Amino acid sequence: MIEINSDIEKMRNIGISAHIDSGKTTLTERILFYCKKIHKTHEVRGKDGIGATMDSMQLEKERGITITSAATHVKWKDHPINIIDTPGHVDFTIEVERSLRVLDGAILVLCSVGGVQSQSITVDRQLKRYHVPRIAFINKCDRVGADPYKVIEHLKSKLGHNAVLMQVPIGLEDGHKGIIDLVRMKAIYFDGADGEVVRTEDIPPELRSEAEEKREEMLDAVTMFSDELMEAVLEECPTEEQIFQAVRNGTISQEMTPVFMGSAYRNKGVQPLLDAVVRYLPNPSDVENYAVDLADEKKKIKLLSDGEAGSVALAYKLEDGPYGQLTYIRIYQGSIKKGDELFNTRLRKTFRVGRLIRMHAERTEDIDSAGSGEIVALFGIECASGDTFTEPGLDYTMTSIFVPEPVISLAVKPVDNNASDNMKKALNRFTKEDPTFRSYVDSESNQTIIQGMGELHLDVYVERMKREYRAEVETGKPQVAYRETITQQVEFDYIHKKQTGGSGQFARVKGSIEPLNKGKYEFVNKIKGGRIPTEFIPSCNKGFQAALKKGQIIGFPVEGIRVTLNDGQSHAVDSSDLAFQTAAREAFKQAYRKAKPRILEPIMKVSVESPSEFAGSVFASINQRRGIIVSSVEDGNFSRIDAKVPLIEMFGYATNLRSLSQGKAEFTMEFKKHARVPENIAEDLIAEYKEKQRLQTS
Amino acid sequence: MVKKELIKRSPLRILEKSIQGGLGKGNIGVLASRKGVGKTASLVHIATDKLFQKKPVIHVSYASRVDYIINWYEDIFKEISKKRKLESAIEVHDEIIKNRIIMNFSQEGARTEQVLKSLEVMITQGKFAAEAVIVDGYDFAKASVDDLRKFREFAEKMGIEVWFSASLRGNEPIFDKDGIPKVLINYLDEIAVLLTLSFKGEYIGLNLVKNHNFPPQGELPLKLDPATMLIAEE
């Protein structure tokens, strides 16, 4: 069966985001099950006209489905839906950003007993950050203590959502039988062994007045998003279609969150939720996406999901399969056909599309082409995640060019040869997936060093090496990426002269070094009258840059320096590229010591989210870590504290924060800048460096 | 100009002189005007002046977003350093932001007890020795005298001075015959210093309508420069 570019307006790319115990897996399985069932039913009927039945074996197999793939393709009532796996655990990695980027909408799953917990807050914050419209599903209405009304209050107070109930439950806890749809004003029950038969009835009389009251509230909230509905409500004749449209407007503009409920485990409420996905969440053409034109001064270009524009796709996830690398892509513009040539704008290389695949829950399907908005996979393509593929002739990129420099490094040592091979494979993969993660072999110590954006970031990869690649490694002490800089302008005048038989070496450089406020390094050439021949100017520049690689206080790179060259001398025979490089390097070293060099340390922007009752302890914990609190925002019972804290002080903060908040607070951090290390700490670092050097030489 | 000179020559010295050397610890000062005249800018100028003197300040806001307030501080700092040609402005800037914390209470109608509790926690557990607290966006029309008393008692207990902004709304006249904003009349016992901002033809002038227990001076020789939003000499 080949499907060519389904109607984009029917397509949905959604994520299911949830707190860890809210039943995300069960709900996802149920969604796959019902979608498959509907799809199958349809097919079977088409062939022989007999209603679909499934034997229990098959059923069990279906139930065992868990989403391990980065995108699973299903169909609900003629609507193709891609369910995208959203890793919710580490929120500072680029991987999460990419998954969220390919979503057009999301279901936020909440537990009817637990309500909005701290992890739901993190997940919701991520979705908010990427402007993902969402609908909420209050799960586990069959549990003891279920209270969807409390959860909706949480949605309003803790997450700041304009949450609007679209359904009310028919019974809760043990008595949870079904739901009332407030738009159609019908009771919905789920019959059959797996709740696959949706039965619609009149609302039970005892719930009639409650339903009417809630419908009024719903209409009140929803009329905000449609003048047409507003008028219809005033005339007391709103149609279902008008309400749907208004809810859709409110949801897509992220000004309201429609709330649904049920119990995935008890097969209640899932089909209406799927109806809501196709009814209220945006299709790919509702969402504006942008790329940057590398051929046109990085101009921002709006991508067109319709029409004949050239193809643009983003590789958002790589997976290692038994047959090699699987690259998941989302197509943003144009279409991709088997055999097409595509251009990888990062590698500057063209490649041919061999196999184009759609991932279903239980199988893969080879397809011939895919259109805008679709999520498909390519086999055996050389690329890294985050790469942009375009039609040859276009030079767009979907990801920002800026990749922050790693701020922390860790030595890793494989325990045996087997682990060593596996580690190499793992590192090769990780560095492809995540540009903020790097690895290299240190030439001095011969150790493998991994680098990243924080302690947790590296922890995750060390853990993944063990789990996914069976690479058991020992880790050293995390090392912070210090920098060195100067604080004063100093002149230099250096003569490099060597006369040891044969041709000698001669070069003289004069100039100054001074602090540079913005940027890492600047070279200014003010040589006049050929005092240094033009061909040796680049040699000088090279020499200075070589000296920057390793500062003389603690051996870290030097930055924030402007070097001005204004005079010099050369010799007709003895001057050479090498002589000038050496002169520049030595001149720099000499001047550097006099220029009051200082050590810089990475400062992180830290955001802590915590129940307000622990805010005091959070303030104290930041204070103890040489942190500066920038702001604290209190919203209801929750506080968000933003601070700047030196990275070296952040080691072990996750544990510290967990214990001081009974596990209820969490934090994120990202690199902000390098700043000067206080005197007393600088002294310790210098002593440590000297000791290390002494050991190395002895 | 070096920082020391800048502090000495600040027009805020004129204000201090007019109010007997300053607001003083344990006291409440209020800056009142209609919306959009320049209350926030003036409060941020007052706060920045404290920060120049290495006095830690907490800026409490009920309405604005944090980044919006930070932008105010950045703008005011930029204007001051430009106007006075401040030397080593970057170092001074880095130094002053260490002494500033912004606390935002975004929930509508955050209770005074809760706000004061959070402030106290910040000062004690966070070891942030604030000397002044700026409160912006506080709604005097909805609050009670009791609330403001709690603020004053807190100021006394912690040894800090507290500056409020008061937004004046409603139909004219919004001032009584002594130039006191009508909405603040009930609060007068709790307020040590009361300043109002008003249009004086071409510019915005500062009026001192309550001056501790001394007779208020009325119009001060200070104005708000509309281009920079800084308090300046007339």
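The structure displayed is predicted, hence computed values, not measured ones. (Residues numbered from 1 in each chain as written. Chains lettered and ligands numbered in written order. Predicted model: local features only at pLDDT ≥ 70, side-chain atom pairs only at ≥ 80, totals over all residues.)

Caption draft 1: Expanded view of the overall build of chain A. Scanning chain A from N- to C-terminus turns up 16 helices and 38 strands. The 698 residues of chain A split such that 44% are buried. The long-range fraction of contacts in chain A, counting pairs at least 24 apart against all pairs at least 6 apart in sequence, stands at 72%. (Helix = DSSP H or I, 4+ residues; strand = E, 2+ residues; numbered from the N terminus. Buried ≥ 20, exposed ≤ 12 C-beta atoms within 10 Å, placed from the backbone. Contact = placed C-beta atoms within 7 Å.)

Caption draft 2: Geometry of the interface of chain A and chain B. Listed per partner, the contact involves 16 residues of chain A and 17 residues of chain B. At the level of secondary structure, the elements contributing two or more residues to the side of chain A that touches chain B comprise helix 14 (615–624) and strand 36 (628–635) of chain A. Inspection of the sheet shows strand 36 of chain A paired to strand 3 (residues 100–105) of chain B by 4 bridges, in the parallel sense. Considered in strand 3 of chain B, the bridge of A:S631 is made with B:I102. (Pairing = 2+ DSSP bridges.)

Caption draft 3: Inspection of the nonpolar core at higher detail. Of all hydrophobic cores here, the largest spans 112 residues; its most connected members are B:V133 and B:W163. The element best represented in this core is helix 3 (residues 39–52) of chain B, accounting for 7 residues. In this structure, this core is formed jointly by two domains, domain 3 (415–472) and domain 5 (600–680) of chain A, each of which donates at least three residues. Residues within four places of B:W163 in sequence aside, it is in contact with B:L23, B:G29, B:L31, B:L43, B:I46, B:A132, B:I134 and B:V135. Core analysis: the next-biggest nonpolar cluster, separate from the first, contains 99 residues, A:L32, A:I84, A:I135 and A:L378 among them. (Core = buried A, V, L, I, M, F, W, Y, C linked by C-beta atoms within 7 Å. Domains from an automatic or database assignment.)

Caption draft 4: Local environment of the environment of A:I84. Residue and element names in this part refer to chain A. With respect to the element layout, I84 can be found in strand 3 (residues 79–84). Here I84 falls in the buried class, since 26 other C-beta atoms lie within 10 Å of it. I84 sits 13 residues away from A71 along the chain, and the two C-alpha atoms are 4.4 Å apart.

Caption draft 5: Local environment of the sheet that holds strand 1 (residues 12–18) of chain A. All names here are of chain A. The strand order 2-3-1-4-5-11-6 describes an open sheet built from 7 strands, whose pairing is mixed. The open sheet terminates on both sides in strands that have one partner only, identified here as strand 2 (71–76) and strand 6 (163–165). Adjacent strand axes in the sheet meet at a mean angle of 30°, parallel and antiparallel pairs treated alike. Summarising the sheet, strand 1 and strand 3 pair through 4 bridges and their orientation is parallel. Bridging from a neighbouring strand, N13 pairs with N82 of strand 3. Running over the sheet, helix 9 (residues 270–280) touches strand 1, strand 2, strand 3, strand 4 (105–111), strand 5 (134–139) and strand 11 (257–261) and is turned about 165° from strand 11. (Axes fitted to C-alpha atoms, helices over the stretch in contact; angles between N-to-C directions.)

Caption draft 6: Representation of the pairing of strand 34 (residues 561–569) of chain A in the model. All names here are of chain A. Across 8 bridges, strand 32 (residues 505–515) lies against strand 34 in antiparallel orientation. Bridged to G511 within strand 34 is L565. As defined by bridge partners, strand 33 (residues 521–525) adjoins strand 34 across 5 bridges and the pair is classed as parallel. In the strand pairing of strand 34, N525 is matched with L565.

Caption draft 7: Broad picture of the sheet that holds strand 13 (residues 299–302) of chain A. All names here are of chain A. Across the sheet, which stays open at both edges, the 3 strands sit in the order 13-12-24 with antiparallel pairing between neighbours. Of all the strands in the sheet, the pair left with one neighbour each is strand 13 and strand 24 (396–397). Pairing between strand 12 (residues 290–293) and strand 24: 2 bridges, direction antiparallel. Pairing of V292 across the sheet is with T397, part of strand 24.

Caption draft 8: Spotlight on the confidence of the model for chain B. Residues and elements named next belong to chain B. For chain B, the average pLDDT comes to 89, and 98% of its residues sit at 70 or higher. In the model of chain B, strand 9 (residues 231–233) stands out as the element of lowest mean pLDDT, 84, in contrast to helix 7 (residues 145–158), which has the highest, 95. Scored as a whole, the predicted complex attains pTM 0.69, and scored at its interfaces, ipTM 0.87. (pLDDT = per-residue confidence, 0-100.)

Caption draft 9: Structural view of the pairing of strand 8 (residues 218–224) of chain B. All names here are of chain B. In the sheet, strand 7 (residues 203–211) pairs with strand 8 via 4 bridges, with the strands oriented antiparallel. Looking across to strand 8, one finds that G205 is bridged to K223. Taking the residues that link successive antiparallel strands as the turn, the strand 7-strand 8 hairpin has 6 residues, and the phi of H212 there is positive, at about 45°. In the sheet, strand 8 pairs with strand 9 via 3 bridges, with the strands oriented antiparallel.

Caption draft 10: Just the environment of A:G105, in detail. Residues and elements named next belong to chain A. Within the secondary structure, G105 is located in strand 4. For the pair G105 and Y280, spaced 175 residues apart in the sequence, the C-alpha separation amounts to 9.3 Å. Once residues lying within four places of it in the same chain are set aside, the contact partners of G105 are R12, I14, V132, P133, R134, L281 and P282.

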